[in-house]
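Coordinates in review
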Amino acid sequence: MATGADVRDILELAGGDNDAGPISKKDIINSDKKKAKKATETLTFKRPEGMHREVYALLYSDKKDAPPLLPSDTTQGYRTVKAKLGCKKVRPWKWMPFANPARRDGAIFHHWRRAAEEGKDYPFARFNKTVQVPVYSEQEYQMYLHDDGWTKTETDHLFDLCKRFDLRFIVIHDRYDHQQYRKRSVEDLKERYYNICGKLTKVRATTGTEPKIYIFDAGHERRRKEQLERLFNRTPEQVAEEEYLVQELRKIETRKKEREKNAQDIQKLITAADTNTEMRRAERKATKKKLPQKRETEKPAVPETAGIKFPDFKSAGVTLRSQRMKLPSSVGQKKIKAIEQILTEQGVDLNPMPTEEIVQMFNELRSDLVLLYELKQAHSNCEYEQQMLRHRYEALLKAGGGAAPQGEGPSMDAQSWPSADDIKTEAKEQIIDVVGAPLTPNSRKRRESASSSSSIKKVKKP
């Protein structure tokens, strides 16, 4: 009786670890695959040391394929192009002569072409586009095109060159006969050509239609080229001066925008202060008319102050009255520190008992302090700009060789025009820029801190 080893030996199957076991169905069915695997197993060679991987791939590969000479797309799917081979005969090609209709010298060339296309025109001749240069008669020239600066022969020579070189006026100017005719520029040639074209289209147009006439402005073209030449022939000193002037112009524009913004901010502060005082007066009149019982029961509405806008707690649920005294996040740290410093110096508690009247009055006090701080800051900015402009004016007078006017008119008295010594003694803490350069962020911060400290000192004095 044959065992599993005998059957494997007959079918040329590789023996496993358990050769003595029974033969399964897989051993008989997959016999062809195992033969193929056994046949494809070949020896592989290692890459020699010192040789790069790219060079070794060109010499040898595992599949013994030749190195690729052209890039190929081996992706499977709809992208693979299959050759559509039919049973028809191959169309014959023939070496035949042809002539290009775009050439007028009668040159004959040869190329390969299908035999069925013999006798047809050259297919690339349709790409030869030519400019339609107008042609005029002797009568039209004498009636409409006559010009004292141009003769008939010179005009004919110009139109002949325009037709030959397809209106390439630089080439036309280079090939123009300057010895026989007057020396002309490119602008003169263009002006003469387009004037004639415009007159001919206007004359040949049918009645009742408005033809499109092209006008060439020779004067504008000459000025444009002169400006380009001047721009190209600038010296390095002139280029540097122009860049400096552009930078100064940008500085002037930024200063102007800053002044306009400061003026708008000051106007907003003034209007806010006026509306705040009017609202206070109206509230006081309204509270005097109210009864004391209603005053205890009703919650007084927090007025919308100009300095600080405290949020209204109108949500449902229980809220603490002390939350109304919290400063909103829109108030900056500098303003908060200035408020705390003034309150501590005046002996006011930073966290008082939050009753109805105390909360309202404490919020009003802090909003007034912020408004005062902003007004002081705006006032110091205006004083600084005024002093800066005065010093610039004095520097310009000294540079021009003149003297500052003193008492020459009703507007130039001692109060409106102080001397330079008085200005220096008044503004020791301020930084004066004679040249008038815009403020840097560091100088602005120093000036703001100095103005805030001076405003605090003024408030502290009785």
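Refer to the structure above for everything that follows.
To keep things clear, this report deals only with the structure shown in the data block. (Residues numbered from 1 in each chain as written. Predicted model: local features only at pLDDT ≥ 70, side-chain atom pairs only at ≥ 80, totals over all residues. Heavy atoms only, no water.)

**Focus on the packing of aromatic side chains**
For the structure shown, the criterion picks out 13 aromatic pairs. Ring centres of Trp95 and Trp112 lie 5.6 Å apart, and the angle between their planes is 65 degrees; this geometry places the pair in the edge-to-face category. Here Trp112 lies in strand E2 (residues 108–114) and Trp95 lies in strand E1 (residues 93–99), a separation of 17 residues in the sequence. Trp95 gets classed as partly exposed once you look at its relative accessible area, which sits at 48%. Among the aromatic residues, those joined into a ring-pair cluster are Tyr136, Tyr141, Phe159, Phe169, Tyr193, Tyr194 and Phe216. Positioned above the aromatic ring of Tyr141 is the side chain of Lys152, whose terminal nitrogen or guanidinium carbon lies 5.6 Å from the ring centre. Across the ring face of Trp150, the terminal group of Arg184 is positioned such that the distance to the ring centre comes to 3.9 Å. (Phe/Tyr/Trp six-rings, centres within 6.5 Å; stacked < 30°, edge-to-face > 60°. Helix = DSSP H or I, 4+ residues; strand = E, 2+ residues; numbered from the N terminus. Buried < 20%, exposed > 50% of the residue type's maximum accessible area, 1.4 Å probe, protein only. Lys NZ or Arg CZ within 6 Å of the ring centre and 35° of its normal.)

**Some words on the pattern of salt bridges**
Tallying each qualifying case throughout the model produces 18 salt bridges. Between Glu118 and Lys94 there is a salt bridge, with its nearest N and O atoms 3.4 Å apart. One end of the pair, Glu118, is in the loop between E2 and helix H5 (138–145); the other, Lys94, is in strand E1, and 24 residues separate them in sequence. Look at Lys94 and you get partly exposed, because its relative accessible area is 37%. A salt bridge links Asp147 to Arg192, with the shortest nitrogen-to-oxygen separation between them at 3.9 Å. Of this pair, Asp147 sits in the loop between H5 and helix H6 (152–164) while Arg192 sits in helix H8 (residues 186–204), and the two are 45 residues apart along the sequence. (Salt bridge = Lys/Arg side-chain N within 4 Å of Asp/Glu carboxyl O.)

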